[in-house]
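Read off the chains here:
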Amino acid sequence: MIQKKKNSCWFFKDSDLRVYPVGRLDFDVSGALIMTNDGELANFIMHPRYEFRKTYQALCQGKVSKYQIKELMTGVKIDDEYLTKAIYANLIKYDPDKDESIIELTIAEGRKHHVKKMLIAADIYLQKLKRTQIEFLTINDIEVGKFRELKTHEVRQLYGMYKSTKTKEKG
């Protein structure tokens, strides 16, 4: 018997609203995911043209070098020679006893397995990946498997970004 795994929509199965995820997380990646019932806003956030920033923390085997961090920021080739780079990358911590590093990187793209492929291209062995932030929204103080509603000012800020971008496109 095949057992179905829970996905992000499962948490909202009892909702009267049609709620769906904005973007995706691979099954083996944890962290921030925006859920909404506003299709227009969802398309804005997901569309690559608008370059929404997503920040990740990666637990990696071995010590990640300054060279590897620099390589992530200057650009690595993935998917048949597609050059991509992190907006920001930093070694947060190295634990010599476990021989593990934690790095943080921010990207503005979102191809399938994007961060994983970047790390492979920089010869970094990934153990675990977590999305910690989408633009200004963080997962601070949210337990694994839990969610919170966006605060009014956060929703306004997202709509403000949307309206600002749409105004620029018309002008």
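Model, not experiment: these values are computed from the prediction.

S.K.: What exactly am I supposed to notice about the side chain of His114 here?
M.R.: Here His114 is to be found in helix α3 (residues 114-121). Residues in contact with His114, not counting those within four places in the same chain, are Ile78, Tyr82, Thr84, Ile107 and Glu109.

S.K.: Sorry, what's going on with the packing of aromatic side chains here?
M.R.: Scanning the entire structure with this criterion turns up two aromatic pairs. Judged by centre distance (4.8 Å) and plane angle (50°), the ring pair of Phe44 and Tyr50 falls under tilted. Assigned by exposure class, Phe44 and Tyr50 land together as buried. Considering the side-chain rings of Phe44 and Phe52, the 5.3 Å spacing of their centres and the 90° angle between planes classify their relative orientation as edge-to-face. Its relative accessible area of 3% is what places Phe52 among the buried residues. Through a chain of ring-to-ring contacts, three or more aromatic side chains come together here, namely Phe44, Tyr50 and Phe52.

S.K.: What is the right way to look at the environment of Leu129 in this model?
M.R.: Looking at the element boundaries, Leu129 is found in strand β9 (residues 125-134). Along the chain, Leu129 and Ala58 lie 71 residues apart, while their C-alpha atoms are 4.6 Å from each other. Beyond its immediate sequence surroundings of up to four residues, Leu129 is in contact with Asp28, Val29, Ser30, Tyr56, Gln57, Ala58, Val115 and Lys116.

S.K.: Even after reading the chapter, I still don't get unusual backbone geometry, so can you show me in this structure?
M.R.: Phi at Glu81 is positive, roughly 75°, even though this residue is not glycine. By the element assignment, Glu81 lies in the loop between β5 (76-78) and β6 (82-84). Of the residues examined, Glu81 reaches a relative accessible area of 57% and is grouped as exposed. In the Ramachandran plot, Asp99 falls in the positive-phi region, its phi being about 55° despite a non-glycine side chain. Within the fold, Asp99 resides in the loop between β7 (88-95) and β8 (100-107). With a relative accessible area of 32%, Asp99 lands in the partly exposed category.

Definitions and limits used
Residues numbered from 1 in each chain as written. Predicted model: local features only at pLDDT ≥ 70, side-chain atom pairs only at ≥ 80, totals over all residues. Heavy atoms only, no water. Helix = DSSP H or I, 4+ residues; strand = E, 2+ residues; numbered from the N terminus. Contact = heavy atoms within 4.5 Å. Phe/Tyr/Trp six-rings, centres within 6.5 Å; stacked < 30°, edge-to-face > 60°. Buried < 20%, exposed > 50% of the residue type's maximum accessible area, 1.4 Å probe, protein only.

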